[in-house]
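Spelled out from the first residue to the last, the chains are:
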Amino acid sequence: MSNRVDISNLLTEMRALKAQTNAFQKPEALADVNRPSRPGEVQAGTKVPGFSEVMSDAVNKVNDLQSQAGAKAEAYQRGEANVDITDVMIASQKASVSFEAAVQVRNKLVEAYRDIMNMPI
């Protein structure tokens, strides 16, 4: 039963992180690519981020959250007055959840790659 509670908490945190970041949301540029301003006209210069850019942004966000959590933990250990233990724990949990989500995404990508490589030609 406790495993089910952890999964629910993990899903809640993942949804909260998704809402906070733009890394996993549909890029705004995609909305304009297929909608020309006049019939037959395609807008030039619209940059749509690639998969590698989106993944790089997501990994950088995870790294930033882990760095912030580490900095808050160090500040609390130094005894700084403006750092509360609840802030340290929240930052730590955000970093943990974001890392776990990144690991799950990586696992799904590896699984999809293996499935594609094992497909008959």
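Because the structure is predicted, anything quoted here is derived from the model rather than measured.

Re the overall build of the protein
- A tally of regular secondary structure across the protein gives 4 helices and 0 strands.
- Traced from its N-terminal end to its C-terminal end, the protein shows the element sequence α-α-α-α.
- Residue burial in the protein is summarised as follows: out of 121 residues, 13% are buried.
- In the protein, the proportion of contacts linking residues at least 24 apart, taken out of those at least 6 apart, comes to 51%.

Structural notes on helix H4 (residues 85–117)
- Taking 1.5 Å per residue, 33 residues should reach 48 Å; H4 reaches 48 Å between its end C-alpha atoms and fits that length.
- Within the span of H4, buried status applies to Val88, Ala91, Ala95, Val97, Ser98 and Ala101.

Concerning the packing of helix H3 (residues 51–78) against H4
- One way to put it is that H3 packs onto H4 with a least axis distance of 8 Å and a crossing angle of 155°. In terms of axis orientation, H3 runs roughly antiparallel to H4. Considering only the axes of H3 and H4, their crossing is left-handed. When H3 is examined against H4, the residues Phe51, Met55, Val62, Leu65, Gln66, Ala69, Lys72, Ala73 and Tyr76 are found in contact with a partner set consisting of Ile85, Asp87, Val88, Ala91, Ser92, Lys94, Ala95, Ser98, Phe99, Ala102, Val105 and Leu109.
- For the contact of H3 with H4, a count of residues per class yields 15 nonpolar, 3 polar and 3 charged.

Examining the confidence of the model for the protein
- The pLDDT averaged across the protein works out to 79; a share of 71% of its residues lies at or above 70.
- Mean pLDDT values over the elements of the protein span from 51, in helix H2 (residues 28–33), up to 94, in H4.

Some remarks on H3
- End to end, H3 covers 41 Å across 28 residues, agreeing with the expected 40 Å (1.5 Å per residue, within 8%).
- Residues Ala58, Val62, Leu65, Ala69 and Ala75 constitute the buried set of H3.
- Where H3 terminates, the next one or two residues include Gly79, which has phi positive at roughly 90°.

Some remarks on a nonpolar patch on the surface
- A surface patch of nonpolar side chains, about 480 Å² in accessible area, is lined by Tyr113, Ile116, Met117 and Met119.
- With respect to the helices, strands and loops of the structure, Met119 is situated in the segment after H4.
- Judged by relative accessible area, Met119 falls into the exposed class, the value being 53%.

Calculation notes
- Residues numbered from 1 in each chain as written.
- Predicted model: local features only at pLDDT ≥ 70, side-chain atom pairs only at ≥ 80, totals over all residues.
- Heavy atoms only, no water.
- Helix = DSSP H or I, 4+ residues; strand = E, 2+ residues; numbered from the N terminus.
- Buried < 20%, exposed > 50% of the residue type's maximum accessible area, 1.4 Å probe, protein only.
- Contact = heavy atoms within 4.5 Å.
- Expected span 1.5 Å × (residues − 1).
- Axes fitted to C-alpha atoms, helices over the stretch in contact; angles between N-to-C directions.
- Parallel < 35°, antiparallel > 145°, perpendicular 65-115°, else oblique.
- Left-handed = near helix turned anticlockwise from the far one by under 90°.
- Nonpolar A, V, L, I, M, F, W, Y, C, P; charged D, E, K, R; others polar.
- pLDDT = per-residue confidence, 0-100.
- Patch = residues over 30% accessible without salt bridge, like charges linked within 9 Å, V, L, I, M, F, W, Y side chains within 5 Å.
- Areas by Shrake-Rupley, 256 points an atom, 1.4 Å probe, with all protein chains shown as cover.
- Salt bridge = Lys/Arg side-chain N within 4 Å of Asp/Glu carboxyl O.

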